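Listed below, chain by chain, are the residues.
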Amino acid sequence: MDLITNLSDIKAFDERITRACSDIRYPIGSILRIAGQYLANWGIGVTEENKEAIEALSLRSYQDEWKRTTGTTHDAIIRATELAGFERGNTYMNSVVGDVAVDLMFAMAEYDKTRTFRLCDIGAGSGETTKAILDRIEYWKLYELMERFEFTLIEPSRKNLNIAGDKIETHRVTEQVEIKFIPIGCTTHKFLERVGKGQYDLAISSAVFHHMSFPGYLQPIREALAEDGVVVIGDWYTTIWKYPAFVAEVLKRLGIGRYGLNDFIQMFDIREGDASRLEKELTPEQQETNKRMIAYVYNIGNEFVRMSSRMGPEERAEFLEAHEAFDDRIGKLEDAGFVMDLKELKDKHTAFVNMPNNKIRVDPKNDAAMVVAGAKVPGKLRKAA
Ligand SMILES: C[S@@+](CC[C@H](N)C(=O)[O-])C[C@H]1O[C@@H](n2cnc3c(N)ncnc32)[C@H](O)[C@@H]1O
């Protein structure tokens, strides 16, 4: 099919999809929320002319969602994660991010005993990712290392940022050492526009980047890092939104009516057997992950219905997201200039010399949630002495 590139045509097409799916229990949201590289499968052509506008619409859709959703939405999502059989969710992912981040900083601090470290938590939410670092510091009693840290928490929700501040100020580690932290109440994109180059030694982020459809945020993060700066990213990965044919199957489970489904099928010219044919492109691990993620989406829909007496319709999150294949994300990180290959990192970067694995499954049974570590490898490469 011909790709749509004109912005008003894209908006009209998007509205038609929303109308077709208006009766499902988990609102679909704009298709511009999907990872940019998959939009062509959805009939949308991303061009040099329309890319900026598409990205802005996508970001706005996610930001509106963050403003509307509440703790009740969050509870529904947590319960759906458990019901879908994900034994380990965001809490465990944060603990892996915290462990990996502290191990890397420890190695760098050992190498240079006078160095101080500036850490930034991107999409800090209510502080759970930074807290995971503090927990690790407390567990190993690394108070001297802590004295050399300063945290910057970037989070657009002021409410969440206040909760994060309270969490940090009352953490047990403060009985031993003062925690230096700077809360920044804005989006990563706005913050990185004004932050100077080379400011941070470590950027961490957990469960945030699957809300960013285009990789434009990665290059500024790299620039904000010191010459040998490190990234540790926890996130969710699936391909259930890669093709409309996959989504049609999910819509059926979410209770779409016959007319809406027919319209959706016509819009994307979906034929019998397309979903199973396209599934063969995926690895067995991806297929397994998708099964669980579909169960998760289905359970969220059910939770929204079950909790409808306690939550208004505006509190429901939207179902399309910028999840992508794990390899796609690694490719984007490499395109932005990060070194993600463990052998190269071990050869060239102090912090990675003893690292057994820089791509860690959060749940050993599937690759839906992964923690990855990489570096902006310096011009002058520093190996451990
Ligand atoms: C699922 S929460 C994760 C919070 C925290 N990292 C954790 O693991 O508990 C995602 C967070 O990303 C934030 N967020 C969304 N878009 C963002 C953006 N463009 N820049 C910075 N943060 C963003 C949201 O406000 C939200 O608090």
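The notes below deal with the structure included here.

What counts, and at which threshold
- Residues numbered from 1 in each chain as written.
- Predicted model: local features only at pLDDT ≥ 70, side-chain atom pairs only at ≥ 80, totals over all residues.
- Heavy atoms only, no water.
- Pairing = 2+ DSSP bridges.
- Helix = DSSP H or I, 4+ residues; strand = E, 2+ residues; numbered from the N terminus.
- Axes fitted to C-alpha atoms, helices over the stretch in contact; angles between N-to-C directions.
- Contact = heavy atoms within 4.5 Å.
- Buried < 20%, exposed > 50% of the residue type's maximum accessible area, 1.4 Å probe, protein only.
- Near = heavy atom within 4 Å.
- Polar contact = N/O pair within 3.5 Å; in protein donor to acceptor, adjacent residues only side chain to side chain.
- Areas by Shrake-Rupley, 256 points an atom, 1.4 Å probe, with all protein chains shown as cover.
- Nonpolar A, V, L, I, M, F, W, Y, C, P; charged D, E, K, R; others polar.
- Phe/Tyr/Trp six-rings, centres within 6.5 Å; stacked < 30°, edge-to-face > 60°.
- Salt bridge = Lys/Arg side-chain N within 4 Å of Asp/Glu carboxyl O.
- Right-handed = clockwise from strand over helix to strand, strands pointing away.

## Details of the sheet that holds strand S7 (residues 366–375)
Across a sheet, strands are paired by hydrogen bonds formed along the backbone, either parallel or antiparallel in direction. Spatial ordering of the open sheet is given by S3-S2-S1-S4-S5-S7-S6, a layout of seven strands whose pairing is mixed. In this open sheet, the two edge strands, each paired with only one partner strand, are strand S3 (181–184) and strand S6 (359–363). Across the sheet, the mean angle from the axis of one strand to that of its neighbour is 15 degrees, orientation sign disregarded. Pairing analysis gives six bridges linking strand S4 (residues 200–206) to strand S5 (residues 225–236), with the strands arranged parallel. If you follow Leu 202 over to S5, its bridge partner there is Val 230. With respect to the sheet, helix H13 (residues 284–306) is in contact with S5, S6 and S7, its orientation differing from that of S7 by roughly 115 degrees.

## Some thoughts on the side chain of Arg 33
Here Arg 33 lies in the loop between helix H1 (7–20) and helix H2 (51–68). Residue classification places Arg 33 among the buried positions, given a relative accessible area of 0%. When neighbours within four sequence positions are excluded, Arg 33 is seen to be in contact with Ser 58, Ser 61, Tyr 62, Glu 65, Ser 213, Glu 318, Leu 320, Glu 321 and Ala 322.

## What about the site of the ligand?
Of all residues adjacent to the ligand, which total 17 residues, the nearest are Gly 123, Thr 129, Glu 155, Thr 188 and Ser 206. A distance of 2.8 Å separates a nitrogen atom of the ligand from a polar atom in the backbone of Thr 188. In this structure, a nitrogen atom belonging to the ligand sits 3.5 Å away from a side-chain N or O atom of His 189. Computed on the free molecule, the ligand has an accessible area of 600 Å², of which 90% lies beneath the protein chains in the complex. When residues of the shell around the ligand are traced back to their parent elements, those giving at least two are helix H5 (128–140) and helix H8 (188–194). Residue composition of the shell around the ligand, by class: six nonpolar, nine polar and two charged.

## Looking at the pairing of S6
Of the pairings in the sheet, the one linking S6 to S7 comprises four bridges and is antiparallel in character. From the neighbouring strand, Asp 363 faces S7, where its bridge partner is Asn 366. Taking the residues between adjacent antiparallel strands as the criterion, S6 and S7 are bridged by two residues.

## Section: the packing of aromatic side chains
Using the criterion set out here, one finds 13 aromatic pairs in the structure. On the basis of an interplanar angle of 75 degrees and a centroid distance of 6.1 Å, the ring pair of Trp 42 and Phe 264 is categorised as edge-to-face. Taken as a pair, Trp 42 in the loop between H1 and H2 and Phe 264 in helix H11 (residues 258–267) lie far apart in primary sequence, 222 residues in all. Measuring from centroid to centroid gives 4.6 Å for Phe 209 and Tyr 217, while their planes differ by 50 degrees, and the two rings are tilted. An aromatic cluster is present here, built from Phe 13, Trp 42, Phe 264 and Phe 268 joined pairwise through their rings.

## Observations concerning the pattern of salt bridges
This model, assessed by the stated rule, comprises 25 salt bridges. Between Asp 269 and Arg 271 there is a salt bridge, and its shortest N-O distance comes to 3.1 Å. Where salt bridges share partners, they join Arg 33, Glu 65, Arg 68 and Glu 318 into one cluster.

## Description of the pairing of strand S2 (residues 149–154)
Counting buried residues in S2 gives five out of six residues, a clear majority hidden from the surface. Two elements, strand S1 (residues 117–122) and S2, share six bridges in a ladder whose sense is parallel. Bridging from a neighbouring strand, Ile 122 pairs with Ile 154 of S2. The pairing of S2 with S3 spans four bridges and is classified as parallel. Its bridge partner lying in S3, Leu 153 is registered against Pro 183. Regarding topology, helix H7 (residues 158–169) serves as the crossover connection from S2 to the parallel S3, and that connection is right-handed.

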